Amino acid sequence: MADDRQLTIIKVFRKYSHSLGPDALQFLEEILESHDIADNDVEFSIETIAREYNKQDDAAMKVSLDILRRVYDALQDQGNPGEAEELLDPDSHLYFVDAFEMPSWHWSQERGTFEKSSSPLTVAGSADSRIAAVRNRLHIIKQSILRNEHFSPSTLPSRDREHLVTLKSTKQLLGRAGERFLLLGMLAHNKEGKLCVEDSDGSVELDLSTMDEPGEGLYTEGCFALVEGEYNEDGILEVVAMGQPPCEDRETARYVLLILSPRLPKENRSIYGHIDFLGQGSTSLLEDSQFARRIREELSDLYFFFLSDVWLDHPQTLVGLQKMFDNCIENSFIPKIIVMCGNFTSKSIMQGGGRDIQRYQENFDSLADLIASYPQITRETHFVFVPGPLDITGSSALPRRPILSTFTSHLRSKIPKVHFTSNPCRLKFFGQEVVIFREDTMARMLRNTIGIKPNVTGEDLRRYLVQSILDQSHLTPLTTHIQPVLPDFDHTLRLYPLPTAVILADKYEKYKLTYSGCHVFNPGGFVGNSFSFSTYCPAERSSEEGVLDIEQED
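As a starting point, this report considers the structure included with it.

Criteria and cut-off values
- Residues numbered from 1 in each chain as written.
- Predicted model: local features only at pLDDT ≥ 70, side-chain atom pairs only at ≥ 80, totals over all residues.
- Heavy atoms only, no water.
- Helix = DSSP H or I, 4+ residues; strand = E, 2+ residues; numbered from the N terminus.
- Rg over C-alpha atoms; globule rule 2.2 N^0.38 Å.
- Contact = heavy atoms within 4.5 Å.
- Areas by Shrake-Rupley, 256 points an atom, 1.4 Å probe, with all protein chains shown as cover.
- Lys, Arg positive; Asp, Glu negative; His and termini not counted.
- Charge placed at Lys NZ, Arg CZ, Asp CG, Glu CD.
- Pairing = 2+ DSSP bridges.
- Axes fitted to C-alpha atoms, helices over the stretch in contact; angles between N-to-C directions.
- Polar contact = N/O pair within 3.5 Å; in protein donor to acceptor, adjacent residues only side chain to side chain.
- 1 Å grid on protein atoms, 1.4 Å probe; cavity = no way out; pocket = protein on both sides within 12 Å on 5 of 7 lines; lining within 4 Å.
- Points joined across faces, edges and corners; volume = space filled by probe spheres on them.
- Salt bridge = Lys/Arg side-chain N within 4 Å of Asp/Glu carboxyl O.
- Buried < 20%, exposed > 50% of the residue type's maximum accessible area, 1.4 Å probe, protein only.
- Nonpolar A, V, L, I, M, F, W, Y, C, P; charged D, E, K, R; others polar.
- Right-handed = clockwise from strand over helix to strand, strands pointing away.
- Phe/Tyr/Trp six-rings, centres within 6.5 Å; stacked < 30°, edge-to-face > 60°.
- Lys NZ or Arg CZ within 6 Å of the ring centre and 35° of its normal.
- Expected span 1.5 Å × (residues − 1).
- Arc of directions from axis to C-beta.

1. As for the overall build of the protein chain
- Along the protein chain, the regular secondary structure elements total 14 helices and 21 strands.
- Rg of the C-alpha trace for the protein chain: 26 Å, near the compact-globule value of 24 Å for 554 residues, within the 12% margin.
- Dimensions of the protein chain, computed from C-alpha atoms along their principal axes, come out at roughly 85 × 75 × 45 Å.
- Long-range contacts, defined here as pairs at least 24 residues apart, represent 69% of the contacts in the protein chain between residues at least 6 apart.
- Working note: accessible area of the protein chain is about 25600 Å², and carbon and sulfur atoms make up 47% of it.
- The protein chain carries 56 positive and 83 negative side-chain charges, and their two centres are separated by 4 Å.

2. Some thoughts on the sheet that holds strand β18 (residues 511-515)
- Strand order in the open sheet formed by 6 strands is β1-β14-β15-β17-β19-β18, with mixed pairing between adjacent strands. Each end of this open sheet is capped by a strand with a single partner; those strands are β1 (94-98) and β18. Going across the sheet, the axis of each strand differs from the next one's by a mean of 15 degrees, ignoring polarity.
- Packed on one face of the sheet, helix α13 (residues 458-471) meets β17 (501-505), β18 and β19 (518-522) and runs near 45 degrees to β18.

3. So, the side chain of threonine 378
- Along the chain, threonine 378 falls in helix α10 (residues 375-380).
- One polar contact links the side chain of threonine 378 to the main-chain carbonyl oxygen of tyrosine 374, over a distance of 2.9 Å.

4. Focus on empty space enclosed by the protein
- For the coordinates displayed, the defined rule picks out 3 cavities of 30 Å³ or more.
- The calculated volume of the second largest cavity comes to roughly 60 Å³.
- Lining the second largest cavity are Ile140, Ile141, Ser144, Pro246, Cys247, Glu248, Leu470, Asp471, Ser473, Leu495, Tyr496 and Leu498.
- The set of elements that each furnish at least two residues to the lining of the second largest cavity consists of α5 (127-145) and α13.

5. Here's the deal with the pattern of salt bridges
- In this structure the tally under the stated criterion is 24 salt bridges.
- A salt bridge links arginine 5 to aspartate 39, with the shortest nitrogen-to-oxygen separation between them at 2.9 Å. Residue arginine 5 is located in helix α1 (residues 4-15), and its partner aspartate 39 is located in the loop between α2 (22-34) and α3 (42-54); the two are separated by 34 residues in the primary sequence.
- Among the salt bridges present, the one from glutamate 179 reaches arginine 176, with a minimum N-O distance of 3.0 Å.
- What makes glutamate 179 partly exposed here is its relative accessible area of 34%.
- Classification of arginine 176 by relative accessible area gives partly exposed; the value is 29%.
- Residues joined by salt bridges that share partners form a network here, namely Asp309, Arg438, Asp440 and Lys507.

6. Focus on the layout of surface pockets
- Considering only enclosed or pocket space, the second largest pocket measures out at about 490 Å³ in volume.
- Together, 20 residues line the second largest pocket, and Arg130, Ile131, Val134, Arg135 and Met186 are the ones closest to its centre.
- Those elements giving two or more residues to the lining of the second largest pocket turn out to be α5 and β5 (195-199).
- Its residues assigned to classes, the lining of the second largest pocket comprises 9 nonpolar, 5 polar and 6 charged.

7. Digging into the pairing of strand β11 (residues 337-341)
- Within β11, 5 of the 5 residues are buried, which leaves it mostly tucked inside the rest of the structure.
- Burial of β11 is two-sided: the residues Ile337, Val339 and Cys341 facing one way and the residues Ile338 and Met340 facing the other way are all buried.
- The pairing of strand β10 (residues 304-307) with β11 spans 4 bridges and is classified as parallel. Looking across to β11, one finds that phenylalanine 305 is bridged to isoleucine 338.
- Assessed by its sense of winding, the connection that carries the chain from β10 through helix α8 (residues 317-330) to β11 is right-handed.
- Note that β11 and strand β12 (residues 382-386) share 5 bridges and pair parallel. Bridging across to β12, cysteine 341 finds its partner in valine 386.

8. What to know about the environment of alanine 225
- The residue alanine 225 is located in strand β8 (residues 224-231) in this model.
- Along the chain, alanine 225 and isoleucine 141 lie 84 residues apart, while their C-alpha atoms are 9.9 Å from each other.
- Other than its neighbours up to four places away in sequence, alanine 225 contacts Leu183, Leu184, Gly185, Leu187, Tyr219, Met242 and Gly243.

9. Focus on the packing of aromatic side chains
- Summed over all chains, the structure comprises 24 aromatic pairs.
- For the pair phenylalanine 27 and tyrosine 72, a centre-to-centre distance of 6.0 Å together with 90 degrees between the ring planes defines the contact as edge-to-face. With phenylalanine 27 in helix α2 and tyrosine 72 in helix α4 (residues 65-79), this residue pair connects regions lying 45 residues apart in the sequence. Considered together, phenylalanine 27 and tyrosine 72 belong to a single accessibility category, that of buried residues.
- Ring pairing ties together the aromatic residues Phe291, Phe304, Phe306, Phe429, Phe430, Phe521 and Tyr536, which thus form one cluster.
- The side chain of arginine 401 reaches across the aromatic face of phenylalanine 100, ending 3.8 Å from its centre.

10. Let's talk about α8
- Across its 14 residues, α8 extends 20 Å between first and last C-alpha, which sits within 8% of the 20 Å expected from 1.5 Å per residue.
- Every buried residue of α8 is listed here: Thr317, Gly320, Leu321, Lys323, Met324, Phe325 and Cys328.
- Where α8 ends, the next residue or the one after it, serine 332, has phi of about 50 degrees, a positive value.

11. Quick word on the side chain of glutamine 6
- Locating glutamine 6 in the fold gives a position in helix α1.
- The buried category is assigned to glutamine 6, whose relative accessible area is 17%.
- At 3.2 Å, the side chain of glutamine 6 forms a polar contact with the side chain of glutamate 29.

12. Some points on α1
- Counted at 1.5 Å a residue, the expected span for α1 with its 12 residues is 16 Å, and the 17 Å between its end C-alpha atoms agrees.
- Turning to α1, its buried residues number three or more, namely Gln6, Ile9, Val12 and Phe13. Buried positions in α1, seen along its axis, are confined to an arc of 130 degrees and lie on one side of it. In α1, those exposed residues whose orientation departs by more than 90 degrees from the buried face are Asp4 and Lys15.
- By the N-cap criterion, in which a side-chain oxygen at the helix start approaches the backbone nitrogen of a residue two or three places on, α1 is capped by aspartate 3, the distance to arginine 5 being 3.2 Å.

13. Brief notes about the sheet that holds strand β21 (residues 542-549)
- Here we have 6 strands laid out as an open sheet, ordered β13-β12-β11-β10-β20-β21, and mixed in their pairing. Looking at strand neighbours, the two that pair on one side only are β13 (418-420) and β21, the edges of this open sheet. Within the sheet, the average angular offset between the axes of one strand and its neighbour, ignoring direction, is 20 degrees.
- Here β12 pairs with β13 via 3 bridges, running parallel. Following the sheet pairing, valine 384 is matched in β13 by histidine 419.

Written as structure tokens, this is what we have:
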């Protein structure tokens with residue numbers, strides 16, 4: 001009969017969906033004995049081993065003794081480092097990913113995994129690609145939901161299945177009036193203007209009058225929601241509850257993709273068996289863990305700066321930037337990256353005259369001269385420019401192209417490490433993925449809200465916004481007539497797997513919070529006499545707010 005230690009070991013590995021054979025169980029017991037692990041420390045020690053085993057590329061559900069030995073040896077090496085490791089070079093692991101350069105991966109229902117698109121992507125798109133973009137969003141959310149503990153049956157016979165929730169499709173409602181159903185679909189209005197929920201099989205009209213209030217989050221036309229209600233004889237679902245899809249954290253999603261990736265053709269797999277969504281090469285879960293440790297040890301003083309609404313036509317903006325650069329030099333605090341998000345003008349010049357356009361270019365030229373006057377910053381810092389809604393990019397649909405090169409030639413000639421990116425864009429830094437998006441998201445979401453809890457303001461409203469964006473796995477969970485999106489490039493707005501951090505640069509007030517392990521913040525506007533910005537520390541995976549008060553400083 002198994003003793004308490006064996007039961008603890010089995011329980012911990014079972015949590016990661018792994019089963020132990022006699023040899024593996026004996027090996028783990030020997031480890032505990034050789035290190036004189038006390039009974040009350042057994043679970044913590046085994047948890048460390050199980051977590052590292054789970055990160056291995058070749059980890060199988062039945063625990064392999066060879067892999068288990070390798071994990072134990074690696075943990076021993078971490079505790080007793082031999083030869084000195086070569087210092088990390090941040091620039092060799094730093095990538096700036098333009099939305100129009102990201103490979104397109106879509107979810108295959110037939111194969112149960114992601115497949116890389118082989119057809120060329122076009123700005124115009126097609127009717128089929130518009131439909132495929134919405135279906136992709138639905139399928140990605142659904143496959144994540146079906147793994148959630150409340151929806152997926154366990155393989156363990158001892159588990160209580162009484163509270164297991166079953167999703168139904170709209171076609172299963174027909175002829176079943178008086179029964180209660182749970183549906184997953186997109187909220188939209190039909191041709192008669194009635195609110196309905198749509199899935200891949202059809203749609204059904206909703207009656208929200210029977211619902212007290214929706215769950216937490218912002219429910220907009222174009223978002224996907226879990227809707228529970230009773231189907232009546234008039235073909236209407238009388239809703240009693242509505243909620244956001246459950247969010248899947250980054251590590252869980254990446255582990256699932258690791259399990260699914262062997263189903264991919266060899267040419268579509270990276271060397272580590274991961275799906276390379278960014279097109280910049282991927283790292284294994286073990287490598288990510290090792291990089292995270294070394295970043296904390298070696299690059300704890302490395303920072304990224306994020307600024308939004310850098311109005312170059314405002315007389316105080318260059319003064320604020322000069323003060324920021326002066327502070328960096330005086331304190332020997334040179335950021336690795338400075339990201340400047342638009343708008344770079346306080347008013348739209350899309351329909352402006354020649355003088356307005358000339359002034360727009362001259363403002364960028366003045367910025368280039370200011371940056372170049374700080375040789376150390378010019379030499380060491382990467383400058384990233386992300387266009388805003390009012391900037392001249394040639395397209396109003398998302399993703400937006402970079403600022404037209406006509407206006408940025410002087411910046412390119414003066415600044416060696418300058419990057420003009422799309423909106424949104426992404427940074428890949430070792431195993432971290434940072435998404436940067438400049439849009440007035442809060443205002444647009446609130447204007448198109450179908451349902452929200454009453455009297456929600458302030459901190460709760462900000463939390464609802466972040467929760468909705470991440471739960472939807474998409475930066476703009478809205479219909480295309482509200483927010484136009486290039487259908488062939490809808491994947492560039494996807495937030496699956498969850499990034500490490502998301503910058504929702506917005507004219508709304510600044511905030512920061514972490515949800516499902518993803519750090520989200522709005523740096524606020526770099527405008528007026530009080531210039532707000534944010535600093536992000538990759539070692540801590542968190543941000544801090546910064547303010548330059550010019551009136552007090554001068």
